[in-house]
Amino acid sequence: MKKILVPTDFSNNAYSALCYATKLFKNEACHFYILNTFSVETPVLTSRLNTSKGEKLYKELSNESREKLTETFHAITRDTEDLNHTFEMISVSKKLSETINKTVKSKSIDLVVMGTKGASGAKEVLMGSNTVRAIQKIRGCSILAIPDEFDFKIPQEIVFATDLSRSKSKEELKPLIDIASLFDSKIRVVHIHEKEQLDEIQERNFKQLKEHLKEVKYNMHWVSKFDQKSRVINEFIDEMKIDMLSMLHYKHGFIESITREAVIKKIGFRLTIPFLVMPASS
């Protein structure tokens, strides 16, 4: 049974991400952990009175979290009554990224699914701070980021963007292959190149990648780097009507560069379709 963790702040955006995940895996038995975290700010200098106030606030926030999780449980159970899914609620008074990391380990989570909140009024749809932080700090599990209130659409066309500079194991690509296998989707491997020919390392990595993908439908696309990588990817997504974007997360790689807030604003990385971020082992 697949185990999926879905953080929620009880917004429409978060519920849409949960619904997307239930529909994406509608043909699989899944156990969903729906997580809400809340924080109780306590003064540095604590007195008995302050401690009492803190305890009262904790109880209030805890009760509110559990009540809203119960509402979410009833809503998603009703909306997925025909599917083979089960749901479990988690309410914790700790930081979100820290709690996600601990839950991924303790519950052997296969995938984290998060809604994103775009900057209101912005031309580009940017990733919200919680999503950015999760992508930066969570390395042991794949993350599927869903754009704000995104309606489910079968991911028939999935982009996997790579510069072929690093080797990839089949295990690293498993989340992508698994999703593609659900709907017999086509993976479009986009190699953004600066040189006309592959070097020896890229050739070896290209051969290895083709071997890993031999059990699914895929096409190779060679795209020259005429602009920022993010804009090249954006244009390819628009032109080919892509349903999902996927990448491997390497240290000091492209994903790290686009999750720095100033860089996101500068290069205009748009998240208009679900974005699968898979952890690289090195």
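Residues numbered from 1 in each chain as written. Predicted model: local features only at pLDDT ≥ 70, side-chain atom pairs only at ≥ 80, totals over all residues. Heavy atoms only, no water.

A few points about the side chain of Ser185
Then step 1. In this structure, Ser185 sits in the loop between α5 (170-182) and β7 (186-193).
Then step 2. Taking the relative accessible area as the measure of exposure, Ser185 reaches 2% and is therefore buried.
Then step 3. Side-chain polar atoms of Ser185 contact the backbone oxygen of Pro155, separated by 2.5 Å. (Helix = DSSP H or I, 4+ residues; strand = E, 2+ residues; numbered from the N terminus. Buried < 20%, exposed > 50% of the residue type's maximum accessible area, 1.4 Å probe, protein only. Polar contact = N/O pair within 3.5 Å; in protein donor to acceptor, adjacent residues only side chain to side chain.)

What about the nonpolar core?
Then step 1. Counting 42 residues, the largest nonpolar core has Phe32, Val113, Leu144, Phe160, Ile187 and Leu276 as the members making the most contacts within it.
Then step 2. Looking at this core, the element that brings in the most residues is helix α1 (residues 12-24), giving six residues.
Then step 3. Dropping the residues within four chain positions of it, Leu276 is found in contact with Leu111, Ser142, Ile143, Leu144, Pro175, Leu176, Ile179, Met244, Leu245, Ser246 and Met247.
Then step 4. Formed by 32 residues, the second largest nonpolar core is a distinct cluster that contains Tyr33, Ile100, Ile138 and Leu271. (Core = buried A, V, L, I, M, F, W, Y, C linked by side-chain atoms within 4.5 Å. Contact = heavy atoms within 4.5 Å.)

Some thoughts on the pattern of salt bridges
Then step 1. In the structure shown here, the tally under the stated rule is nine salt bridges.
Then step 2. A salt bridge links Glu64 to Lys68; the shortest N-O distance between them is 3.3 Å. You can see Glu64 and its partner Lys68 sitting in helix α2 (residues 48-79), four residues apart, about one turn around the helix.
Then step 3. The partly exposed category is assigned to Glu64, whose relative accessible area is 37%. (Salt bridge = Lys/Arg side-chain N within 4 Å of Asp/Glu carboxyl O.)

Considering the packing of aromatic side chains
Then step 1. According to the stated counting rule, one finds six aromatic pairs in the structure shown.
Then step 2. Aromatic pair Phe38 and Tyr58: ring centres 5.8 Å apart, planes at 45 degrees, arrangement tilted. Residue Phe38 is found in the loop between β2 (30-37) and α2, and its partner Tyr58 is found in helix α2; the two are separated by 20 residues along the sequence.
Then step 3. Through successive ring pairs, a cluster of aromatic residues spans Tyr20, Phe150, Phe152 and Phe183.
Then step 4. For the cation-ring pair, Lys210 lies above Phe206, with the distance from its terminal atom to the ring centre recorded as 4.4 Å. (Phe/Tyr/Trp six-rings, centres within 6.5 Å; stacked < 30°, edge-to-face > 60°. Lys NZ or Arg CZ within 6 Å of the ring centre and 35° of its normal.)

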